[in-house]
Amino acid sequence: MPLPSRAESGYGSGSASARVHITVVVPPVFRVLQVTPVADGYEYRVWTNMRLVAIGGREYRFDHVGENTVRVPTAPGDTWIVHGL
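Report follows, based on the coordinates. Counting from 1, residues in each chain are numbered in the order their sequence is written. In keeping with the model being predicted, local features are shown solely for residues with a pLDDT of at least 70 and side-chain atom pairs are shown and tallied solely at 80 or more, while totals for entire chains, interfaces and linings include all residues. Only heavy atoms go into the side-chain values, all of them from the structure, while hydrogens and water stay out.

With respect to the sheet that holds strand E1 (residues 30-38)
As a general point, the strands of a sheet are linked pairwise by backbone hydrogen bonds and lie either parallel or antiparallel. Note on pairing: two strands pair once DSSP finds at least 2 bridges between them. Counting from the N terminus, the helices are DSSP H or I runs at least four residues long and the strands are E runs at least two residues long. Within the open sheet, the 3 strands sit side by side as E1-E2-E5. Their pairing is antiparallel. Looking along the sheet, the strands with just one partner apiece sit at the ends: E1 and strand E5 (66-72). Averaged over all pairs of adjacent strands, the angle between their axes in this sheet comes to 20 degrees, without regard to strand direction. Bridge analysis of strand E2 (residues 41-48) against E5 gives 7 bridges, and the strand direction is antiparallel. Among the inter-strand pairings, Trp47 is bridged to a residue of E5, identified as Glu67. Inter-axis angles, ranging from 0 to 180 degrees, are taken between N-to-C directions of lines fitted to C-alpha atoms, where helices are fitted over the stretch in contact.

Quick look at the structure:
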């Protein structure tokens, strides 16, 4: 006699499959860690989770996410930052 907690089916191959879809939304992060004046503007040490940012209307592409250095040839008051994924 089969065990009472055991379930059996007489139809199908005896296997099951399923798909799980997970979506993770990561907001863009851009943090200025340090600002250093240089001869032609300012050098920014930044941390970002993006590979592309726009600073003062100019695009800067990074080889990796994380800490990077950006040289902006303008005064900080004239600089504006647009970022997105």
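This is not the end of the story, as more comes after the structure.
Description of the side chain of Asn68
Considering the arrangement of structural elements, one finds Asn68 in strand E5. Judged by relative accessible area, which is 9%, Asn68 ranks as buried. Definition of a polar contact: a pair of N or O atoms within 3.5 Å, with one able to donate and the other able to accept a hydrogen when the atoms are protein atoms, and with sequence-neighbouring residues admitted only if both atoms are side-chain atoms. Reaching out from Asn68, the side chain makes a polar contact with the backbone oxygen of His64 at a distance of 3.3 Å. Reaching out from Asn68, the side chain makes a polar contact with the backbone oxygen of Gly66 at a distance of 3.2 Å. Contact definition: two residues touch when any of their heavy atoms are within 4.5 Å. Each residue touching Asn68, except ones within four places of it in the same chain, is listed here: Tyr44, Arg45, Val46, Thr48 and Phe62. Accessibility here uses a 1.4 Å probe with only protein chains present; expressed as a share of the type maximum, an area under 20% marks a residue as buried, one over 50% as exposed, and anything in between as partly exposed.

Notes on the environment of Gly41
In this fold, Gly41 is placed in strand E2. Gly41 sits in the buried class, given a relative accessible area of 12%. Residues Gly41 and Pro73 lie 32 residues apart in sequence; the distance between their C-alpha atoms is 4.1 Å.

Topic: the pairing of strand E4 (residues 58-61)
With 4 bridges connecting them, strand E3 (residues 52-55) and E4 associate as antiparallel partners. Residue pairing across strands places Val53 opposite Tyr60, the latter belonging to E4. What sits between the antiparallel neighbours E3 and E4 is a turn of 2 residues, in which Gly56 has the positive phi angle 60 degrees.

A closer look at the environment of Thr36
For Thr36, the position within the fold is in strand E1. With 35 residues separating them along the chain, Thr36 and Arg71 place their C-alpha atoms 9.4 Å apart. If near-sequence neighbours (up to four positions away) are discounted, Thr36 is found in contact with Tyr42 and Glu43.

Points about the side chain of Thr48
You can see Thr48 is positioned in strand E2. With relative accessibility at 0%, the residue Thr48 sits in the buried group. Engagement of the side chain of Thr48 in a polar contact is seen with the backbone oxygen of Val29, the distance being 2.8 Å. Discounting residues that sit within four places of it in the chain, Thr48 has contacts with Val29, Phe30, Val53, Phe62, Val65, Gly66 and Asn68.

Any functional reading would require information that these geometric values do not contain.
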